[in-house]
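Inside the fold
Now for the letters of each chain:
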Amino acid sequence: MKAPQPFHFKHFSLQQSAEVMKVSTDSILLGSWLHSNTAENILDIGTGSGILSLLAAQKSNAAILAIDINPAAITVAQLNFRNSVWATQLQAQNTALQDLHPAALFDVIISNPPYFENDVPSPSKNRNIARHHTTLSFEELLLHTARLLHLNGSAFFAIPAKSTLAFQTIAAQHHLFTVKQLSVISTPDKLPYLTLLQLSKTRTTPKEETLIVYTEEGKYTSAFIELTKEAYAVNYG
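Every value quoted in this text rests on a predicted model; they were computed, and no experiment measured them.

What to know about the overall build of the chain
The helix and strand tally for the chain stands at 7 helices and 10 strands. Put simply, the chain shows about 11400 Å² of open surface, and 52% of that area lies on carbon and sulfur atoms.

Here's the deal with the pattern of salt bridges
Taken as a whole and assessed by the stated rule, the structure comprises 3 salt bridges. As a salt-bridge pair, Glu-209 and Lys-207 come within 3.5 Å of each other at their nearest N and O atoms. Looking at Lys-207, the relative accessible area reads 47%, which means it is partly exposed. In this structure, the salt-bridge partner of Glu-226 is Lys-229, at a minimum N-O distance of 2.9 Å. With a relative accessible area of 39%, Lys-229 lands in the partly exposed category.

Some details on helix α6 (residues 164-173)
Within the span of α6, buried status applies to Thr-164, Phe-167, Ile-170 and Ala-171. Along the axis of α6, the buried positions cluster into a sector of 135°, meaning they face one direction only. Exposed residues pointing more than 90 degrees away from the buried face of α6 are listed as Leu-165 and Gln-173. Against the buried residues of α6 lie α5 (138-148), β7 (149-160), β8 (177-185) and β9 (194-200). After α6 finishes, the residue His-175 shows a positive phi value of roughly 60°.

A word on the confidence of the model for the chain
Per-residue confidence for the chain gives a mean pLDDT of 88; residues scoring 70 or more make up 85%. Every residue in residues 116-134 scores below 50 in pLDDT, and together they form 32 contacts with partners more than four places removed in sequence or on other chains.

A closer look at the nonpolar core
One finds Phe-9, Ile-42, Ile-110 and Leu-196 to be the most contacted residues of the largest nonpolar core, which totals 39 residues. The biggest single contributor to this core is helix α2 (residues 51-57), with 6 residues. Look past the residues within four positions of Leu-196 in its chain and what remains in contact with it is Leu-29, Leu-30, Trp-33, Phe-157, Ala-158, Lys-180, Gln-181, Leu-182 and Val-184. Of all hydrophobic cores here, the second largest spans 24 residues; its members include Ile-45, Leu-65, Leu-148 and Leu-197.

Focus on the packing of aromatic side chains
Going through the model one piece at a time under the given rule, you end up with 7 aromatic pairs. For the ring pair Phe-12 and Trp-86, a centre distance of 5.9 Å and an interplane angle of 80° mean the geometry is edge-to-face. Highlighted residues: Phe-12 in the loop between β1 (7-8) and β2 (13-14) and Trp-86 in the loop between α3 (71-82) and β5 (90-94), separated in sequence by 74 residues. This pair shows no difference in class: Phe-12 is buried, exactly as Trp-86 is. Look at Trp-33 and Phe-156: their rings are 6.1 Å apart centre to centre, the planes differ by 85°, and that puts the pair in the edge-to-face class. Of this pair, Trp-33 sits in helix α1 (residues 25-33) while Phe-156 sits in strand β7, placing them 123 residues apart in sequence. Taken individually, Trp-33 and Phe-156 each receive the classification buried, so the pair is uniform in this respect. Grouping aromatic residues by their ring pairs yields a cluster made of Phe-9, Phe-12 and Trp-86.

Conventions and cut-offs
- Residues numbered from 1 in each chain as written.
- Predicted model: local features only at pLDDT ≥ 70, side-chain atom pairs only at ≥ 80, totals over all residues.
- Heavy atoms only, no water.
- Helix = DSSP H or I, 4+ residues; strand = E, 2+ residues; numbered from the N terminus.
- Areas by Shrake-Rupley, 256 points an atom, 1.4 Å probe, with all protein chains shown as cover.
- Salt bridge = Lys/Arg side-chain N within 4 Å of Asp/Glu carboxyl O.
- Buried < 20%, exposed > 50% of the residue type's maximum accessible area, 1.4 Å probe, protein only.
- Arc of directions from axis to C-beta.
- Contact = heavy atoms within 4.5 Å.
- pLDDT = per-residue confidence, 0-100.
- Core = buried A, V, L, I, M, F, W, Y, C linked by side-chain atoms within 4.5 Å.
- Phe/Tyr/Trp six-rings, centres within 6.5 Å; stacked < 30°, edge-to-face > 60°.

Here it is, written out as structure tokens:
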């Protein structure tokens with residue numbers, strides 16, 4: 001299988017692999033939306049090609065640990081980290097979240113777990129691991145997020161909109177509460193397809209917002225352009 005072409009961002013280029021999920025708008029949105037400027041250490045769960053770690057690194061001086069159970073993902077993430085100007089901040093490790101026992105808790109945890117439970121599995125074992133709810137359930141993801149997150153830390157997730165309530169319910173059972181919620185809509189006439197969530201260990205009144213990606217004419221909205229302008233190197237004209 002031919003490897004996908006590199007994806008060029010504003011401040012770095014991302015090599016991709018046929019055995020790793022390709023760059024998605026979801027990851028670009030999450031990486032643009034999260035704030036990590038005051039973090040000292042960050043955990044990226046299911047890093048894939050390393051996109052979220054790199055987007056977080058350009059906002060922060062934090063030490064970033066990116067983990068994935070797919071060896072092919074770690075290989076391409078390590079390459080992308082070495083080729084970036086933030087190489088000294090970034091580390092990729094082939095390990096399962098359940099097996100991670102760091103010396104210190106994380107200020108920020110980020111993850112774009114691409115779970116599509118009703119989709120047909122991919123013929124590629126590695127891509128199927130990344131895409132399906134087969135190796136890391138929401139329950140396990142949130143259980144270990146709560147275990148690894150600093151008391152004053154924040155966790156940022158991108159999840160399918162249809163799973164939002166279930167995800168928040170499980171999160172609350174692990175004393176993780178919604179701070180901010182961004183509902184993402186592709187065009188003005190559609191329902192949300194994606195939810196970005198910021199969770200913390202402090203219960204608060206959530207701030208809820210909506211983002212529309214495309215206008216009725218099929219062009220990027222001004223809100224999308226503003227959110228992704230430091231990450232997404234595209235021609236908006």
